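# Fold and geometry: a report
Each chain is listed here by its residues.
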Amino acid sequence: MSVEPEQVVDVSIVINGTECTASVPSRMLLSDFIRHEAGLTGTHVGCEHGVCGCCTVMIDGVSARSCLAFAVQCDGSEIRTVEDLAAVDDTLSPLQQAFHECHALQCGFCTPGFLMAITEFLDRNQRADLSETEVREAISGNLCRCTGYTSIVDAVLLAAKRMYGKED
Ligand code: FES
Ligand code: FES
């Protein structure tokens with residue numbers, strides 16, 4: 001049985017405001033495009049089958065697992081990755097700062113995925129009075145093997161208070 005050679009396609013994706021164009025195999029995952037073609041290795045790859053959430057990015061404003069999309073599917077899209085969260089002078093975003101202060105990471109492998117999923121959650125729920133239950137539901141699609149999640153929940157609640165209300 002002969003095997004067809006893999007097709008190569010031109011893909012152009014705007015990542016964090018910069019266009020990245022490359023000729024890539026049609027089966028290249030978006031996560032590999034981001035890491036190997038755009039050189040943005042903040043997006044981590046864990047399970048590569050949609051379970052762990054490490055590879056979460058924003059595709060046209062919506063969080064998504066970049067290991068479950070082919071790069072060619074995102075041709076013409078705008079992607080936001082964890083590298084875009086801090087300001088140009090490297091000032092951390094309120095969420096990143098809260099992660100730092102609450103010790104919401106240990107090895108850090110899962111952190112980019114959590115940050116992207118939670119950034120979308122906070123954008124959609126601009127309230128200082130978020131409940132722990134709401135936050136736990138929001139992060140339920142992301143796995144962490146280190147923290148036990150409590151410190152991550154604390155960080156989200158702190159960030160929400162700072163962003164949308166008054167800090168205690
Ligand atoms: Fe994409 Fe695990 S690497 S969900
Ligand atoms: Fe290690 Fe989450 S901090 S997996």
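Residues numbered from 1 in each chain as written. Chains lettered and ligands numbered in written order. Predicted model: local features only at pLDDT ≥ 70, side-chain atom pairs only at ≥ 80, totals over all residues. Heavy atoms only, no water.

### Quick look at the environment of Gly50
- Its location among the elements puts Gly50 in the loop between helix H1 (30-37) and strand S3 (56-59).
- Counting along the chain gives 14 residues from Gly50 to Ala64, while the straight-line C-alpha distance between them is 9.4 Å.
- Apart from residues lying up to four places away in sequence, Gly50 is in contact with Arg65, Cys67 and Leu68. (Helix = DSSP H or I, 4+ residues; strand = E, 2+ residues; numbered from the N terminus. Contact = heavy atoms within 4.5 Å.)

### A word on the environment of Gly148
- Looking at the secondary structure, you find Gly148 in the loop between helix H4 (132-138) and helix H5 (150-164).
- Spatially, the C-alpha atom of Gly148 lies 9.3 Å from that of Ala104, the residues being 44 residues apart in sequence.

### Side note on the state of the cysteines
- Counted under the stated rule, the structure contains 0 disulfides.
- The cysteine Cys102 is free of any disulfide, with Cys144 supplying the nearest cysteine sulfur at 14 Å. (Disulfide = S-S within 2.5 Å.)

### A look at the pattern of salt bridges
- Taken as a whole and assessed by the stated rule, the structure comprises 6 salt bridges.
- For Arg124, the salt bridge goes to Glu120, with nearest N and O atoms at 3.2 Å. Remark: Glu120 and Arg124 occur in helix H3 (residues 111-124); sequence separation between them is 4 residues, near one turn of the helix.
- Arg124 sits in the exposed class, given a relative accessible area of 55%.
- In this structure, Arg127 and Glu134 form a salt bridge, with 2.9 Å as the shortest nitrogen-oxygen distance.
- On the basis of relative accessible area, Arg127 is assigned to the partly exposed category, the value being 30%.
- Using a relative accessible area of 25% as the deciding quantity, one classes Glu134 as partly exposed.
- Salt bridges linked by common partners bring Arg127, Asp129 and Glu134 together as one network. (Salt bridge = Lys/Arg side-chain N within 4 Å of Asp/Glu carboxyl O. Buried < 20%, exposed > 50% of the residue type's maximum accessible area, 1.4 Å probe, protein only.)

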